[in-house]
Protein chains: 2
Amino acid sequence: MLAIGQLSAETGTKVPTIRYYEDIGLLPQPERTAGNQRRYGKRQVDRLRFIRHCRDLGFPLSDIRALLDLSDDPDRSCASADTIARHQLREVERRLASLASLRQELCRMIDQCAGGTVADCHVIESLADHAHCIADRHMTPAPMEQHVDPPRRDPA
Amino acid sequence: MLAIGQLSAETGTKVPTIRYYEDIGLLPQPERTAGNQRRYGKRQVDRLRFIRHCRDLGFPLSDIRALLDLSDDPDRSCASADTIARHQLREVERRLASLASLRQELCRMIDQCAGGTVADCHVIESLADHAHCIADRHMTPAPMEQHVDPPRRDPA
DNA sequence: ATGGGACCTCCAGTAACTGGAGGTTCAAGG
DNA sequence: CCTTGAACCTCCAGTTACTGGAGGTCCCAT
Ligand SMILES: [Zn+2]
Ligand SMILES: [Zn+2]
Ligand SMILES: [Zn+2]
Ligand SMILES: [Zn+2]
């Protein structure tokens, strides 16, 4: 049985995040010691790994919840899992397309900057007026609510 | 002078969002009618357009604040504007790279699904175990806090 | 027995909005 | 002039997926 800190080290998940997953019902309530501390078994470790891997692939928690439900009974058809994955793929592709066009716009802006004063900077000018843009509209990709964990050293 | 709803229509910004920008000091407090309603002039319209265009290009509000400060006095050097834009470009490129690798992983997963039960679905299996992945680590791109406005019909 | 690191709960904050409740104001029609 | 009703006002809570801190308890190795 692992304490929460060990589970954290094992899965690369911050301790408050684990408790958060428990709060929102993604992780079941673990056993407790007499002194009320959480103890986790192997199943929980796997479950958390699954969650984290899905998060790393950009799945929102709502999808992960559905995927966990599915993987909880192995006899069901995998159709909905595939649907979720395909949907996620479409999302990713949508975001890729938007970002590619943003990239283009930004490149153009920056290229045109001659390095003078603000008054004649093409960056500022382009930002002020979308008419300078090539794309007729920017569709900023939907968030995808990613976790960012800043460079963390391994718990060695 | 425009009422807030007209400004909203003019710039494609939701009314609560305009008030929010005012709250956080991105937009100055506008004049008011005797009955306490906001009235906006042309400068405000331009300022809001600038903000929105930047948002559409993925700039975070903190950067937009800096860009607005710059564009407020045109004699300064545009160097920092360019730095911000370049930084944003790097961000976008980072996110493009991550998404490309996510896309690859998702494609592989989906391709391998034979359509049976959950027990032998490769999608579920791949999600459960990162060892099936090609990339040795997924770096989920930082959020970039985009606004999503779901298909909204024009206030005609 | 004691020290200190790991643990506990609760709460607030992040980013950038979004929506609702409950109450006013504006402008047009009668 | 008066009445509607749409648009406006303020304040507050909720969204997503966490993250961090305060203040207090527990575990276990010495
Ligand atoms: Zn410039
Ligand atoms: Zn543009
Ligand atoms: Zn399958
Ligand atoms: Zn993986």
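Residues numbered from 1 in each chain as written. Chains lettered and ligands numbered in written order. Predicted model: local features only at pLDDT ≥ 70, side-chain atom pairs only at ≥ 80, totals over all residues. Heavy atoms only, no water.

Draft legend 1. Focus on the pattern of salt bridges. What the rule picks out here adds up to 18 salt bridges over all chains. Here Glu 91 of chain A and Arg 94 of chain A are joined by a salt bridge, their closest N and O atoms 3.3 Å apart. Here Arg 94 of chain A and Glu 91 of chain A lie together in helix 5 (residues 79–111), a separation of 3 residues that amounts to about one turn. Accessibility expressed as a relative area gives 36% for Arg 94 of chain A, which makes it partly exposed. Note that Glu 10 of chain B and Arg 49 of chain B form a salt bridge whose closest N and O atoms lie 3.6 Å from each other. A residue pair is termed long-range when its members are at least 10 positions apart, and Glu 10 of chain B in helix 1 (residues 4–11) and Arg 49 of chain B in helix 3 (residues 42–56) qualify at 39 residues. Bridged by salt links that share partners, the residues Glu 22, Arg 32 and Arg 38 of chain A form one connected network. (Salt bridge = Lys/Arg side-chain N within 4 Å of Asp/Glu carboxyl O. Helix = DSSP H or I, 4+ residues; strand = E, 2+ residues; numbered from the N terminus. Buried < 20%, exposed > 50% of the residue type's maximum accessible area, 1.4 Å probe, protein only.)

Draft legend 2. Inspection of the confidence of the model for chain A at higher detail. Summing up the model confidence of chain A, the mean pLDDT is 88 and the portion of residues at 70 or higher is 88%. For the stretch residues 146–156 of chain A, pLDDT sits under 50, and the model shows 19 contacts to residues farther than four places along the chain or on other chains. (pLDDT = per-residue confidence, 0-100. Contact = heavy atoms within 4.5 Å.)

Draft legend 3. Just the interface of chain A and chain B, in detail. Each partner contributes to the interface: chain A provides 62 residues, whereas chain B provides 62 residues. Taking both partners together, chain A and chain B bury about 5000 Å²; carbon and sulfur atoms supply 74% of that area. Joining chain A to chain B, the criterion identifies 2 salt bridges. One salt bridge connects Glu 93 of chain A with Arg 103 of chain B, and the closest N-O pair in it is separated by 2.5 Å. Where chain A touches chain B, the interface holds 16 residue pairs in polar contact (both at pLDDT 80 or more). Among the elements that make up the side of chain A that touches chain B, the one with the highest residue count is helix 5 of chain A (19 residues). (Buried area = accessible area lost by both parts, 1.4 Å probe. Polar contact = N/O pair within 3.5 Å; in protein donor to acceptor, adjacent residues only side chain to side chain.)

Draft legend 4. Local environment of the relation of the copies chain A and chain B. Between chain A and chain B, the superposition needs a rotation of 180 degrees and an axial shift of 0.0 Å, giving an RMSD of 0.1 Å. A rotation of that kind, with that shift, is consistent with a two-fold axis. Interface overlap between copies: 100% of the residues of chain A at the interface are likewise at the interface in chain B, consistent with a symmetric, same-surface contact. (Least-squares fit on C-alpha atoms with pLDDT ≥ 70 in both.)

Draft legend 5. Structural context of the protein's contact with DNA strand C. Close contacts around DNA strand C come from 23 residues, with Arg 19 and Arg 38 of chain A together with Thr 17, Tyr 21 and Arg 55 of chain B the closest. Per the 4 Å cut-off to the protein, sugar and phosphate atoms form 88% of the nearby atoms of DNA strand C. Here Gly 5 of chain A contributes a backbone N or O atom positioned 2.8 Å from a phosphate oxygen of DNA strand C. Arg 52 of chain B is positioned with one of its side-chain polar atoms (N or O) 3.1 Å from a phosphate oxygen of DNA strand C. (Near = heavy atom within 4 Å.)

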